[in-house]
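Chain by chain, the residues:
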Amino acid sequence: MRVIIKKNYEEMSKEAAEIIKNLIQKKANCVLGLATGSTPVGLYKELIRMHKEEGLDFSQVITFNLDEYYGLSPEHPQSYRYFMDVNLFNHINIKKENTHLPDGKVPIEKIEQYCESYEDMIKKAGGIDLQVVGIGGDGHIGFNEPGSSLNSRTRLVALDEQTIRDNSRFFEKIEDVPRFAITMGVGTILEAREIIFLANGKKKASIVAKAIEGPITSQISASVLQLHPKVTVILDEEAASELKRKEYYKFVYEAEKRIGLKLF
Ligand code: F6R
């Protein structure tokens, strides 16, 4: 794992945007895996800036999002489709038909078949080149709550109480938070060729330390990223504050700049 510690949220977001920009410039029709939530908002702002000011071209880029609340239509202001449109897609030259999120309104009897078809679409697009993930307070990536199989695939899941509480900040009242979601599985996420793992703020410090430096366990889905050969963890100082090997990560990052190579 590369672990990059930036002094604040803005710097964290810029570092992540640079990685995505470099990929798009190398492979115009790359496939990006995207996340929602508070964490990647700054990254999306920076990508919009790069598009507007530097002409970063998204016209051939394809995207697949990690998850969607089950029961919310794309027009619902708290749906992840709505979030992606408002925070990124509406402001760049991506083709809407190239952007994919799980459909939160699939009838329950068609869910399994639908989840398989989401996986098929990813495969047909050539697989995900670069996946962005955040981490939930309970260690989830996507909506893979504690206990998710490390080989899990796209499926319907029940949200953990902590996730419902954490995400209630976006809803008028806690009762409005959906109890279920469709999410890519841990196994699906691990198939991406490269992964960027973002976290910021003091509230994430303890779970980040467990995910990066603790044992691999299905109780903290993010810990499985330790098995992936190409993960870049980008944190702000606060989220990095409980890491034991902080000084080593900083040393490696400086060394990378000297030798001009990424050290995973
Ligand atoms: C969102 C997602 C979630 C979030 C996580 C962190 O698509 O898959 O795993 O990344 O819940 O959320 P924030 O960024 O709001 O703290």
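Criteria and cut-off values
Every residue gets a number counted from 1 within its own chain, in the order that chain's sequence is written. Local features in this predicted model are restricted to residues of pLDDT 70 or higher, and side-chain atom pairs are both shown and tallied only at a pLDDT of 80 or more, whereas totals for entire chains, interfaces and linings draw on every residue. Neither water nor hydrogens contribute to the side-chain values; these are computed over all heavy atoms in the structure. By convention in these notes, a residue is near a molecule or strand provided one of its non-hydrogen atoms lies within 4 Å of it. Side-chain atoms alone can form a polar contact between residues adjacent in sequence; in general such a contact is a pair of N or O atoms within 3.5 Å, and within protein one must be able to donate a hydrogen while the other accepts it. Residue burial considers only the protein chains on display, and all accessible areas are found by Shrake-Rupley using a 1.4 Å probe. Three classes are used: nonpolar for Ala, Val, Leu, Ile, Met, Phe, Trp, Tyr, Cys and Pro, charged for Asp, Glu, Lys and Arg, and polar for all others, with Gly counted as polar. Note on aromatic contacts: the rings of Phe and Tyr and the six-membered ring of Trp form a pair at centre separations within 6.5 Å, being stacked when their planes are under 30 degrees apart, edge-to-face when over 60 apart, and tilted otherwise. Strands are runs of DSSP state E lasting at least two residues, helices are runs of H or I lasting at least four, and both sets are numbered from the N terminus onward. Exposed residues in this analysis have more than 50% of their type's maximum accessible area, buried residues have under 20%, and partly exposed residues fall in between, with area computed by a 1.4 Å probe over protein chains only. Two strands form a pair only when DSSP identifies at least two bridges running between them. By definition in these notes, contact holds between two residues if any of their heavy atoms fall within 4.5 Å. An axis is simply a line fitted to the C-alpha atoms; with a helix, the fit covers only the stretch in contact. Between two such axes, the angle follows the N-to-C directions and lies from 0 to 180 degrees.

J.: How should I be thinking about the site of the ligand in this particular structure?
T.: The ligand sits among 14 residues. The nearest are Thr 39, Asp 67, His 140, Gly 142 and Lys 204. Gly 142 is positioned with one of its backbone polar atoms (N or O) 2.7 Å from an oxygen atom of the ligand. For the ligand, the accessible surface in isolation is 410 Å², of which the surrounding protein chains cover 93%. Classifying every residue of the shell around the ligand by side-chain character gives three nonpolar, eight polar and three charged.

J.: How should the packing of aromatic side chains be read in this particular structure?
T.: A ring pair, where both rings are aromatic, is described by two values, the distance of the centres and the angle of the planes. The tally for this structure, following the rule as stated, stands at six aromatic pairs. Arranged with centres 4.7 Å apart and planes meeting at 40°, the rings of Tyr 69 and Tyr 80 form a pair that is tilted. Taken together, the residues span a long stretch of sequence, with Tyr 69 in strand S4 (residues 67–69) and Tyr 80 in helix H3 (residues 80–87) at a distance of 11 residues. On the basis of relative accessibility, which here comes to 1%, the residue Tyr 69 falls in the buried class. A centroid spacing of 5.7 Å and a plane angle of 75° characterise the contact between Tyr 69 and Phe 171, whose relative ring orientation is edge-to-face. Taken as a pair, Tyr 69 in strand S4 and Phe 171 in the loop between helix H5 (161–167) and strand S8 (180–183) lie far apart in primary sequence, 102 residues in all. Taking the relative accessible area as the measure of exposure, Phe 171 reaches 9% and is therefore buried. In this structure an aromatic cluster arises from ring pairing among Tyr 69, Tyr 80, Phe 143 and Phe 171.

J.: Is there a simple way to think about the sheet that holds strand S9 (residues 194–199) in this case?
T.: Within a beta sheet, neighbouring strands are joined by backbone hydrogen bonds and run either parallel or antiparallel to one another. Strand order in the open sheet formed by seven strands is S1-S10-S9-S6-S2-S3-S5, with parallel pairing between adjacent strands. The open sheet is flanked by strand S1 (2–6) and strand S5 (99–100), the only strands paired with a single partner. Along the sheet, helix H1 (residues 9–26) makes contact with S1, strand S2 (31–34), strand S6 (130–133), S9 and strand S10 (231–236), crossing S10 at roughly 155°. Lying over the sheet, helix H7 (residues 205–213) contacts S1, S9 and S10, oriented at roughly 160° with respect to S10.

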